[in-house]
Amino acid sequence: LAFLVPSSSGHAALAMPIMAPLGDFAGVSRAIVVTGYQAASGWVNLFTPTSAIVMGGLAIAKVRYDRYLKFVWPLLLLLFLLTGFPVAFSLAATGLFFGFLGMEADMFPPNLFQALPLRVFGIMQNDTLLAIPFFTLMGIILERSGMAEDLLETVGQVFGPVRGGLAIAVILVGALLAATTGVVAAAVISMGLISLPIMLRYGYNRTIATGTITASGTLAQAIPPSLVLSVLADQMGRSVGDMYAGA
């Protein structure tokens, strides 16, 4: 509504009779409803071409609208992420929104959007990128089934006689889990929940234990099966085996 109604007072007069009863019905505080309205109106008025403040300020500063959009679009992406949308859908929604906005502003021809389905099918038929969902599925199975915890216990028994054997086991299992899931932060959190209590129980210093878990996730970018190396292989036109060998 803020995109269609550039006046903040007119937007409030139009939106509040709709949002206030919905908030009361859902049990949401009216203060939160007003805060949501203010946030939505403020975010949209950062980039909408119907905002007199934005367009007037750009005209005074002699900044082109397309240059301004390059600065603003990460803010809209951040808004989508804060609302809880998955990252993939947030990236797609942001790109499509600014694509339509640029098309309506005559910044590029509409023919570019006609190639979008071909681009999507081309990526789906890419044999190299097909490894990403399978690696991710393998990592999720390891984590959800408890196999990662069993693997940590088994590797810990193998390196038991070695000084610092449990830390070595955490690095190996954590690196494997992070490399297969593709999300280093999620793997580090999972390994922290699994291995940190065990390491502390065996007398490891808290600093060394947390540093070991963090290092295990960082190593995931350089060892097979790394999703980052798979993407780089596709973009650079090299085989995945060459990228693994170089890493």
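If you're wondering where the values come from, they're calculated on a predicted model, not measured in any experiment.

Participant: Go over the overall build of the protein chain, please, and point to the residues and values.
Facilitator: Looking only at helices and strands, one finds 14 helices and zero strands in the protein chain. Secondary structure of the protein chain in N-to-C order comes out as α-α-α-α-α-α-α-α-α-α-α-α-α-α. Out of the 247 residues belonging to the protein chain, those deemed buried represent 28%. Considering only residue pairs separated by 6 or more positions, the protein chain has 52% of its internal contacts joining residues 24 or more positions apart. Surface summary for the protein chain: the accessible area is close to 15300 Å², and the carbon and sulfur share equals 70%.

Participant: Hey, could you go over unusual backbone geometry for me, with residue numbers and the actual values?
Facilitator: Located in the positive-phi region is Lys62, a residue other than glycine, with phi close to 60°. Looking at the secondary structure, you find Lys62 in the loop between helix 3 (52-61) and helix 4 (65-82). With relative accessibility at 76%, the residue Lys62 sits in the exposed group.

Participant: Give a detailed account of the side chain of Thr212, specifying residues and quantitative values.
Facilitator: Topologically, Thr212 is positioned in helix 12 (residues 206-218). For Thr212, a relative accessible area of 10% corresponds to the buried category. If we skip the residues at most four places from it in the chain, Thr212 touches Ala167, Val170, Ile171 and Met199.

Participant: So, the packing of helix 4 against helix 5 (residues 87-104): which residues are in play, and what are the values?
Facilitator: Where helix 4 contacts helix 5, the axes come no closer than 9 Å and their chain directions differ by 150°. It follows from the interaxial angle that helix 4 and helix 5 lie roughly antiparallel. For the crossing formed where helix 4 meets helix 5, the hand is right-handed. The segment helix 4 lies against helix 5, with Tyr65, Leu69, Trp73, Leu76, Leu77, Phe80 and Leu81 engaging Val87, Ser90, Leu91, Ala93, Thr94, Phe97, Phe98 and Leu101. Here the residues of the contact of helix 4 with helix 5 sort into 13 nonpolar, two polar and no charged.

Participant: Can you break down the confidence of the model for the protein chain residue by residue, with the values?
Facilitator: Across the protein chain, the average pLDDT comes to 76, with 89% of residues at 70 or higher. Here helix 8 (residues 131-144) stands out as the least confident element of the protein chain, with mean pLDDT 72; helix 12 is the most confident, with 82.

Participant: I'd love a proper account of helix 4, names of residues and values included.
Facilitator: The end-to-end C-alpha separation of helix 4 is 26 Å, in line with the 26 Å expected for 18 residues at 1.5 Å each. Taking the largest bend as the criterion, helix 4 deviates by roughly 35°, centred on Phe71, and proline Pro74 comes between one and four positions later. Within helix 4, burial applies to Tyr65, Tyr68, Leu69, Val72, Leu76 and Leu77. The secondary structure elements touched by the buried residues of helix 4 are helix 2 (30-44), helix 3 and helix 5. Gly84, located one to two residues past helix 4, shows a positive phi value of around 95°.

Participant: Lay out helix 1 (residues 8-26) in plain terms, naming residues and giving numbers.
Facilitator: The end-to-end C-alpha separation of helix 1 is 25 Å, in line with the 27 Å expected for 19 residues at 1.5 Å each. A maximum bend of about 40° is found in helix 1 at Ala15, where proline Pro17 lies one to four positions downstream. Of the positions making up helix 1, those classed as buried are His11, Ala15 and Gly23. Against helix 2 lie the buried residues of helix 1.

Participant: Describe the packing of helix 1 against helix 2, listing the residues and the values that go with them.
Facilitator: Put simply, helix 1 and helix 2 touch, their axes get as near as 10 Å, and they point 140° apart. By the criterion of interaxial angle, the relationship of helix 1 to helix 2 is oblique. Two packed elements cross with a definite hand, and for helix 1 against helix 2 that hand is right-handed. Contact with helix 1, carried on its side by Ser8, His11, Ala12, Ala15, Met16, Met19, Ala20, Gly23 and Asp24, involves Arg30, Val33, Val34, Tyr37 and Ser41 of helix 2 and no other residues of that element. Tallied by class, the residues present in the contact of helix 1 with helix 2 amount to eight nonpolar, four polar and two charged.

Participant: Residue-level account of the nonpolar core, with values.
Facilitator: Residues Leu152, Val170, Val173, Met191, Met199, Tyr204 and Ile213 are the most contacted members of the largest nonpolar core, which totals 16 residues. Counting residues per element, the ones that place at least two in this core are helix 9 (147-158), helix 10 (165-181), helix 11 (184-201) and helix 12. Considering every element that reaches this core, the biggest residue donor is helix 10, with six residues. Those residues in contact with Leu152 that sit more than four places away from it in its chain are Ala169, Val170, Val173, Met191, Ile194, Ser195 and Ile198. The next biggest cluster of nonpolar side chains, apart from the first, holds nine residues, and it includes Tyr65, Tyr68, Leu69 and Val72.

Participant: Residues and numbers for the pattern of salt bridges, please.
Facilitator: Opposite charge on two side chains lets them pair, provided their charged atoms get close. Overall, the coordinates contain one salt bridge when judged by the stated rule. Where Asp24 meets Arg30, a salt bridge forms, and the shortest distance between an N and an O atom there is 2.8 Å. You can call Arg30 exposed: its relative accessible area is 57%.

The rules behind these values
- Residues numbered from 1 in each chain as written.
- Predicted model: local features only at pLDDT ≥ 70, side-chain atom pairs only at ≥ 80, totals over all residues.
- Heavy atoms only, no water.
- Helix = DSSP H or I, 4+ residues; strand = E, 2+ residues; numbered from the N terminus.
- Buried < 20%, exposed > 50% of the residue type's maximum accessible area, 1.4 Å probe, protein only.
- Contact = heavy atoms within 4.5 Å.
- Areas by Shrake-Rupley, 256 points an atom, 1.4 Å probe, with all protein chains shown as cover.
- Axes fitted to C-alpha atoms, helices over the stretch in contact; angles between N-to-C directions.
- Parallel < 35°, antiparallel > 145°, perpendicular 65-115°, else oblique.
- Left-handed = near helix turned anticlockwise from the far one by under 90°.
- Nonpolar A, V, L, I, M, F, W, Y, C, P; charged D, E, K, R; others polar.
- pLDDT = per-residue confidence, 0-100.
- Expected span 1.5 Å × (residues − 1).
- Bend = angle between axes of the 7 residues up to and from the residue.
- Core = buried A, V, L, I, M, F, W, Y, C linked by side-chain atoms within 4.5 Å.
- Salt bridge = Lys/Arg side-chain N within 4 Å of Asp/Glu carboxyl O.

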